[in-house]
Amino acid sequence: HRKALASIEARDREFYHRIVKNRVDPSRQSPMNPVPDYYGEKVGSLRQYRQWLRDQGKFRRKASLPEQ
């Protein structure tokens, strides 16, 4: 199992770097537009990761719109 442990840890590090790279800026949140899962804690599968990316993009677009 020790041989597999290094591989798993490398994948975890790579995944964490992807989360950090793609997450939104929390300073742009508001009561009406909270940050969606900032740390990616709810991501457990590829499908959930893709949904997390979509949610981050949706927040980014919504936060960048000029307020009226």
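Residues numbered from 1 in each chain as written. Predicted model: local features only at pLDDT ≥ 70, side-chain atom pairs only at ≥ 80, totals over all residues. Heavy atoms only, no water.

Asks: Looking at this structure, how should I read the environment of Phe-15?
Replies: Its location among the elements puts Phe-15 in helix H1 (residues 2-22). Of the residues examined, Phe-15 reaches a relative accessible area of 30% and is grouped as partly exposed. With 34 residues separating them in the primary sequence, Phe-15 and Tyr-49 have C-alpha atoms 9.9 Å apart. Those residues in contact with Phe-15 that sit more than four places away from it in its chain are Val-43 and Tyr-49. (Helix = DSSP H or I, 4+ residues; strand = E, 2+ residues; numbered from the N terminus. Buried < 20%, exposed > 50% of the residue type's maximum accessible area, 1.4 Å probe, protein only. Contact = heavy atoms within 4.5 Å.)

Asks: I'm lost on the side chain of Arg-23 in this one. Help?
Replies: When you line up the elements, Arg-23 lands in the loop between H1 and helix H2 (46-64). This buried residue, Arg-23, is left without a salt bridge; Asp-37 holds the nearest opposite charge, at 8.8 Å. One polar contact links Arg-23 to Tyr-38, side chain to side chain, over a distance of 3.4 Å. Setting aside anything within four residues of it in sequence, one finds Arg-23 in contact with Tyr-16, Tyr-38, Tyr-39, Trp-52, Gln-56 and Arg-60. (Lys, Arg positive; Asp, Glu negative; His and termini not counted. Salt bridge = Lys/Arg side-chain N within 4 Å of Asp/Glu carboxyl O. Polar contact = N/O pair within 3.5 Å; in protein donor to acceptor, adjacent residues only side chain to side chain.)

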